[in-house]
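Examining the three-dimensional arrangement
Okay, here's what each chain looks like letter by letter:
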Amino acid sequence: MSGSGWRPHIESGRCLCVNALLRHGSIRPGFTTSGSWCWTQNGETVAAVGYNARLGLDSGELRLSYTWRPDGELSDVVCTIRLSSLPLQFGGRRWYMHCPYTDRRVLKLYKFGSIEKFCARTAIRPLPTYASQRVSGSDRINAQRWAIRRKIGDDLSDLFGEPYKPKRMHWRTFQRYADRDAELAEREGGYLQRLLARWQRYG
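About the cut-offs
- Residues numbered from 1 in each chain as written.
- Predicted model: local features only at pLDDT ≥ 70, side-chain atom pairs only at ≥ 80, totals over all residues.
- Heavy atoms only, no water.
- Helix = DSSP H or I, 4+ residues; strand = E, 2+ residues; numbered from the N terminus.
- Contact = heavy atoms within 4.5 Å.
- Areas by Shrake-Rupley, 256 points an atom, 1.4 Å probe, with all protein chains shown as cover.
- 1 Å grid on protein atoms, 1.4 Å probe; cavity = no way out; pocket = protein on both sides within 12 Å on 5 of 7 lines; lining within 4 Å.
- Points joined across faces, edges and corners; volume = space filled by probe spheres on them.
- Nonpolar A, V, L, I, M, F, W, Y, C, P; charged D, E, K, R; others polar.
- Pairing = 2+ DSSP bridges.
- Phe/Tyr/Trp six-rings, centres within 6.5 Å; stacked < 30°, edge-to-face > 60°.
- Buried < 20%, exposed > 50% of the residue type's maximum accessible area, 1.4 Å probe, protein only.
- Core = buried A, V, L, I, M, F, W, Y, C linked by side-chain atoms within 4.5 Å.

Our next topic: the overall build of the protein chain. Along the protein chain, the regular secondary structure elements total three helices and eight strands. Walking the protein chain from its N terminus toward its C terminus, one meets helices and strands in the order β-α-β-β-β-β-β-β-β-α-α. Long-range pairs, those at least 24 residues apart, make up 41% of the contacts in the protein chain between residues at least 6 apart in sequence. Entry remark: accessible area of the protein chain is about 13,400 Å², with carbon and sulfur atoms responsible for 49%.

Moving on, we come to the layout of surface pockets. Within this model, the largest pocket holds a volume of roughly 200 Å³. Arg 14, Ala 47, Tyr 66, Thr 67 and Lys 111 are the residues nearest the centre of the largest pocket, which is lined by 13 residues in total. Among the secondary structure elements, those contributing two or more residues to the lining of the largest pocket are β3 (44-55) and β4 (59-68). By residue class, the composition of the lining of the largest pocket is eight nonpolar, three polar and two charged.

On to the pairing of β3, then. Pairing analysis gives 10 bridges linking strand β2 (residues 32-41) to β3, with the strands arranged antiparallel. The partner of Thr 32 across the bridge, within β3, is Arg 54. Linking two consecutive strands that pair antiparallel, namely β2 and β3, is a turn of two residues; a positive phi of about 55° is found at Asn 42 within it. Examined bridge by bridge, β3 and β4 share six bridges and lie antiparallel to one another. Across the sheet, the residue bridging to Tyr 51 is Leu 64, located in β4. Between β3 and β4, which pair antiparallel in sequence order, lie three residues.

Taken as a whole and judged by the stated rule, the model has four aromatic pairs. With a centroid separation of 5.7 Å and 80° between ring planes, the pair formed by Tyr 66 and Phe 118 is classed as edge-to-face. Within this pair, whereas Tyr 66 is found in strand β4, its partner Phe 118 is found in the loop between β8 (108-111) and α2 (137-152), the two being separated by 52 residues in sequence. As far as the burial class goes, Tyr 66 and Phe 118 line up, both buried. Note on Tyr 110 and Phe 112: the rings are 6.1 Å apart at their centroids and 15° apart in plane angle, and the pair reads as stacked. By relative accessible area, Tyr 110 is classed as buried at 8%. An aromatic cluster is built from Trp 39, Tyr 66 and Phe 118, whose rings are joined through pairwise contacts.

Counting residues in hydrophobic clusters, the biggest one holds 33 residues, and the most contacted among them are Leu 16, Leu 62, Leu 64, Ile 81 and Phe 118. For this core, the secondary structure elements donating two or more residues are β1 (14-17), α1 (18-23), β2, β3, β4, β5 (75-87), β6 (93-98) and β8. Discounting residues that sit within four places of it in the chain, Ile 81 has contacts with Leu 16, Gly 60, Glu 61, Leu 62, Leu 64, Met 97, His 98, Pro 100 and Leu 109. Within the second largest apolar cluster, eight residues are counted, among which are Ile 148, Ile 152, Met 169 and Phe 174.

From the geometry alone we can't say anything about function, so treat these as descriptive.
In structure tokens form, the structure reads like this:
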């Protein structure tokens, strides 16, 4: 499915996750269920779909109904999604949705504004990207280094040195994070050197 150069952020789509549907009881193996599924932002509903699901013990069907505005005019859409499952090694089953366009088995489907139905992100060409992938090289590296500090609970260090070891964290665990931070810092240095050389060449 070609987007003619259009390349959305993954974050801009409405994500439908089969595990979330199961967890909230919106779909249940062996039952027919119906209702609505909503997306919220800052406590307010920003999008919603109606659903009707019929599941057997190992397969089923999920039908979504919603309005779509492709060219400024509202259009009613019914999106039918095939469901299947695979047995797990220690009992139970893992459920999947199938992309309406490619029939690919996935855990998540996305609804983008200019596409009529929910789809797997791999169904779009060119492929959608995460917003972080469009950040410049240095900014992306810095974001990863800050993420390391947030993950270990380090509120003291900056990016000019190593992260601080939190209390009660094993040294081996901390060293793994510190090594990753050092690797990213070295990569940033190389990126900046290449950028400086390019400026000098064409400046």
